[in-house]
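Geometric and topological summary
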Amino acid sequence: MFYRHALGAVIGCLIAAPLAAQLPDPSPERISAWWGHVEELASDANEGRGAGTPGYDRAADYVVASFRELGARAAGTDGYFQRVDLVEQHFDQPASTAVLKRASGDVVLATPQDLFFRGNTPMPASIDAPLVFAGYGLSIAEAGHDDFAGIDVKGKVVVVLSGGPADISGALKSDARSARAKLLAERGALGMIALTTPKQVEIRWERQVGNASLSSMYLADPALRDVSVPFMMATLSPEKAGLLFEGTGQSFEALSALSDASAPLPVFDLPARFAATIKATQKPLSSNNIIAVLPGSDPALASEYVVLSAHLDGYGIGAPVNGDAIYNGAFDNAVGVASMIEAARALAAAPRKTRRSILFAIVTAEEKGLLGSRYFASRPTVPAGSIVANINLDMPLPIFPLTSITPIGYEESTLGAHAQAVSEAMGLPIVPDPKPDRNVFIRSDQYSFIKQGIPALFPKYGFKLGTPEEAVEAAWRANIYHSPQDDLLQPVMKAEGVKLTDYVIALTQRVANAPERPRWLDSSYFKRFAN
């Protein structure tokens, strides 16, 4: 409760501070409708909307009823639903073990207090292997950067540090991070241990430890996984990370300083071996994507689709924080789904229908590794190749006024010109991603569409470094993100949430009515995924 009050105080100071001119507030009726969806979806009755749970299904039924009421047609494989088969993997962290085996004596790492196992890949039951430090763990041929060049990872556990070189774009670094488990497994590595510098920690370690008790998932179909062989994934606390580097002539503190400065990192073998036993159980389950469509009006373009996506799932029920165990996910991502419902309402009621069709993909299991969107993007319910663009909304944070916009990915495709035009029309200047090393470009469902060659955008509230808005955003992430405090009692600027919805509506109309389908820019790294 302290953190919620503290955040409210920070927001109060922000409201009182001089700000750029703001958009006019939407009508009370629109604000009430939007917030009503958030209240329903983030209710305790839905128990955090964990993928594959009855609470998720109740929330999904509400979304389907909303789409049906406003006139969006069913476009799934079973009415509005598309079933996604999953495997749930639950780690018994306290029963697992982890040891650094060194010549000077073994060091036992407490699980999960010092190290926890978590990842959306099948895990081995045990491991005993040498360690190698691979710097940032990035292999980007287009940028002439390969942290794995010259090192043999076969049969080893690879240690990687957060961050990346300053001269490589955040989008390229994000994509490389997403691919490194696959790359390492293909090269014969047995696992990976991730380290984060203290300055780059987004969620306090004790909350990460609490969230480690939640299950992970992967897709049941091995053909849809990046890594199908057993591959260990673990995270080591910043407090204990220094143990890895003893006897190397390097220190975690010095390496962290280099990472925080986005400077080059060395690559070298570590003197210790890593031994672990991993207690995990697996069971099959399924959860539904929700797919709805507003047909286009143009005979030539109606067979093409602009997809609006948002994930419905949350963290479910987890480790209690301040006596509350329901991770309601109000901002992550009931707010995003509410905006999609209201966007659908506005587009359905518009006097002129868009030329292209608008497809709504409200997906499951995003929190488990973008699994629902990966399934849909790989096996769409419309003809392959007919999806021309994706606009994704995840974790909008209506906790400061919308005076600028950051459409993540706008530098990569012709969607950026559409975003710029809408921003100019609405008086919302575009602000580049202020924190590209947070990997936002690969951390939500737009990335599943990108991997299928589909240009995408991820609109976020804009802010610049060193501003009050940055302080508010950082406080929310540090204290509320992925916790039970992301509930209906936290401070919220409801009108600002509807304003971002209006931006998405205007952007969708512009893209759906444009004569040409969006394309990747020739300068974009991500054009490599286009067919």
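**A few points about the overall build of the protein chain**
Within the protein chain, the secondary structure is distributed over 12 helices and 21 strands. At 23 Å, the protein chain has a C-alpha radius of gyration in line with the 24 Å of a compact globule built from 531 residues. For the C-alpha atoms alone, the extent of the protein chain along its principal axes is close to 75 × 50 × 45 Å. Taken over 531 residues, the protein chain has a buried fraction of 59%. Look at the contacts in the protein chain between residues 6 or more apart in sequence, and 85% of them connect residues 24 or more apart. When the accessible surface of the protein chain is totalled, it reaches about 20000 Å², and 54% of it is carbon and sulfur. Within the protein chain, the 56 negative side-chain charges are centred at a point lying 3 Å from the centre of the 47 positive side-chain charges.

**Remarks on the pattern of salt bridges**
Should the charged atoms of two oppositely charged side chains come close, the side chains can pair. Tallied over the full model, the rule gives 26 salt bridges. Among the salt bridges present, the one from K101 reaches D128, with a minimum N-O distance of 2.9 Å. Linking K101 in strand β3 (residues 97–101) with D128 in strand β6 (residues 126–133), this pair joins segments that are 27 residues apart in sequence. The partly exposed category is assigned to K101, whose relative accessible area is 31%. With relative accessibility at 36%, the residue D128 sits in the partly exposed group.

**Points about the confidence of the model for the protein chain**
With 96% of its residues at a pLDDT of 70 or more, the protein chain shows a mean pLDDT of 93. Across residues 9–21 the pLDDT falls below 50, and counting only partners more than four positions away or on other chains, this stretch makes 17 contacts in the model.

Here is what the cut-offs are and how they apply
Residues numbered from 1 in each chain as written. Predicted model: local features only at pLDDT ≥ 70, side-chain atom pairs only at ≥ 80, totals over all residues. Heavy atoms only, no water. Helix = DSSP H or I, 4+ residues; strand = E, 2+ residues; numbered from the N terminus. Rg over C-alpha atoms; globule rule 2.2 N^0.38 Å. Buried < 20%, exposed > 50% of the residue type's maximum accessible area, 1.4 Å probe, protein only. Contact = heavy atoms within 4.5 Å. Areas by Shrake-Rupley, 256 points an atom, 1.4 Å probe, with all protein chains shown as cover. Lys, Arg positive; Asp, Glu negative; His and termini not counted. Charge placed at Lys NZ, Arg CZ, Asp CG, Glu CD. Salt bridge = Lys/Arg side-chain N within 4 Å of Asp/Glu carboxyl O. pLDDT = per-residue confidence, 0-100.

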